[in-house]
Amino acid sequence: QVQLVESGGGTVQAGGSLRLSCAASLTSGSWLRLNTGAWYRQAPGKQRELVAIVTDRYTNYADSVKGRFAISRDMAKNTVDLQMNELKPEDTAVYYCNDNIWTPSAGSVDYWGQGTQVTVSS
């Protein structure tokens, strides 16, 4: 019904910036509505952690990225972006988007992207 496609990952030096994008698209059905959007990350040997979340009411950030990252939601493009500035080596991880999306057939369902690698060199 819905597919999330992530882009924007890569390798940067410490202090650099990257912008991740998560685009929702229909694999079947007539239309979708993007509700809550979030970005998670998982480093090797560590648990997956919530980085940022955006709703129609608010945004929240993990303390470790507060002031450096910004999450945004574009309802027209069905995208959730994560602007990452002042990147640190400890930001290195696979980043996953997680969107709650409503469709006429399935109702509200959480969907996961496949993950995109972000590597920050020292």
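Each remark here, short or long, concerns the structure printed above.
Trainee: Looking at this structure, how should I read the pairing of strand 3 (residues 18-26)?
Mentor: On a regular strand, one side chain projects to one face of the sheet and the next to the other, so that they alternate. The pairing of strand 1 (residues 2-7) with strand 3 spans six bridges and is antiparallel. Residue S7 lies in a different strand from strand 3, and its bridge partner there is S21. Taken together, the six bridges between strand 3 and strand 8 (residues 79-84) define a ladder with antiparallel strand orientation. Its bridge partner lying in strand 8, S21 is registered against D81.

Trainee: Just to check I follow, could you spell out the environment of L20 for this structure?
Mentor: Note on placement: L20 falls in strand 3. Residue L20 is classed as buried on the basis of its relative accessible area of 0%. Placed 90 residues apart in sequence, L20 and D110 show a C-alpha to C-alpha distance of 19 Å. The residues touching L20, leaving out its near neighbours within four places in the chain, are S7, G8, G9, W39, V80, D81, L82, M84, Y95, T116 and V118.

Trainee: Explanation requested: the layout of surface pockets in the structure shown.
Mentor: The probe, sized like a water molecule, is rolled over the atoms to show the empty space still left. The computed volume of the largest pocket comes to approximately 160 Å³. Lining the largest pocket are R41, Q42, A43, K46, Q47, E49, E90, T92 and A93. When its residues are assigned to classes, the lining of the largest pocket shows two nonpolar, three polar and four charged.

Trainee: I keep staring at the packing of aromatic side chains and nothing clicks. Help me out?
Mentor: By convention here, two paired aromatic rings are described through the distance between centres and the angle between planes. For the structure shown, the criterion picks out two aromatic pairs. Judged by centre distance (5.1 Å) and plane angle (40°), the rings of W31 and W102 are tilted. With W31 in the loop between strand 3 and strand 4 (33-42) and W102 in strand 9 (residues 93-103), this pair connects stretches of sequence that are 71 residues apart. For W102, a relative accessible area of 31% translates into the label partly exposed. Ring geometry for Y40 versus W112: centroids 5.0 Å apart, planes at 55°, classification tilted. With Y40 in strand 4 and W112 in strand 10 (residues 107-112), the pair connects residues that are 72 residues apart, well separated along the chain. The class of W112 is partly exposed, set by a relative accessible area of 38%.

Trainee: Where do I start with the nonpolar core in this structure?
Mentor: Considering soluble globular proteins, one finds that nonpolar side chains tend to be buried as a cluster. Core analysis: the largest hydrophobic core is formed by 29 residues, its most contacted members being L4, W39, F69, L82, M84, Y95 and I101. Elements with a contribution of two residues or more to this core: strand 1, strand 3, strand 4, strand 5 (49-54), strand 7 (69-74), strand 8, strand 9 and strand 11 (116-121). With residues near it in sequence (within four places) discarded, Y95 still touches E6, L20, W39, Y40, R41, V51, F69, L82, M84, G115, T116 and V118.

Trainee: Would you take a moment to explain the sheet that holds strand 3 for this structure?
Mentor: In sheet architecture, strand pairing relies on hydrogen bonds along the backbone and comes in two forms, parallel and antiparallel. Pairing is antiparallel across the open sheet formed by four strands, whose spatial order is 1-3-8-7. In this open sheet, the two strands that pair with only one neighbour each are strand 1 and strand 7. Pairs of neighbouring strands in the sheet enclose a mean axial angle of 15°, with direction left out of account. Of the strand pairs in this sheet, strand 7 and strand 8 are connected by six bridges, and their pairing is antiparallel. Following the sheet pairing, S72 is matched in strand 8 by D81.

Here is what the cut-offs are and how they apply
Along each chain, residues carry numbers from 1 onward, in the same order as the chain's sequence is written. Side-chain atom pairs in this predicted model are given and counted only at pLDDT of 80 or more, local residue features only at pLDDT of at least 70, and totals for whole chains, interfaces and linings cover all residues. Each side-chain value is worked out from all heavy atoms of the structure, with water and hydrogens disregarded. Whether two strands pair depends on DSSP finding at least two bridges between them. Strands here mean DSSP runs of E at least two residues long; helices mean DSSP runs of H or I at least four residues long; both are numbered from the N terminus. Classification of residues uses two cut-offs on accessible area relative to the type maximum, computed with a 1.4 Å probe and protein chains only: under 20% is buried, over 50% is exposed, and between them is partly exposed. In this analysis, two residues are considered to be in contact whenever any of their non-hydrogen atoms come within 4.5 Å of each other. Using protein atoms alone on a 1 Å grid, points that fit a 1.4 Å probe yet trap it form a cavity, whereas open point sets bounded by protein on both sides within 12 Å along at least five of seven lines form a pocket; residues with an atom within 4 Å of a point count as lining. Grid points are joined across faces, edges and corners, and a volume is the space filled by probe spheres set on the points. Amino acid classes used here: Ala, Val, Leu, Ile, Met, Phe, Trp, Tyr, Cys and Pro are nonpolar; Asp, Glu, Lys and Arg are charged; the rest, including Gly, are polar. Two aromatic rings, drawn from Phe, Tyr or Trp (for Trp, its six-membered ring), form a pair once their centres lie within 6.5 Å of each other, and the interplanar angle then sorts them: stacked below 30 degrees, edge-to-face above 60, tilted otherwise. Put simply, a nonpolar core is a bunch of buried Ala, Val, Leu, Ile, Met, Phe, Trp, Tyr and Cys residues held in one set by side-chain atoms that sit within 4.5 Å of each other. Whenever a helix is involved, its axis is fitted only over the stretch in contact; in every case the axis is a line through C-alpha atoms, and angles between N-to-C directions fall within 0 to 180 degrees.

Note that every value here comes from positions in space, so none of it alone points to a role or purpose.
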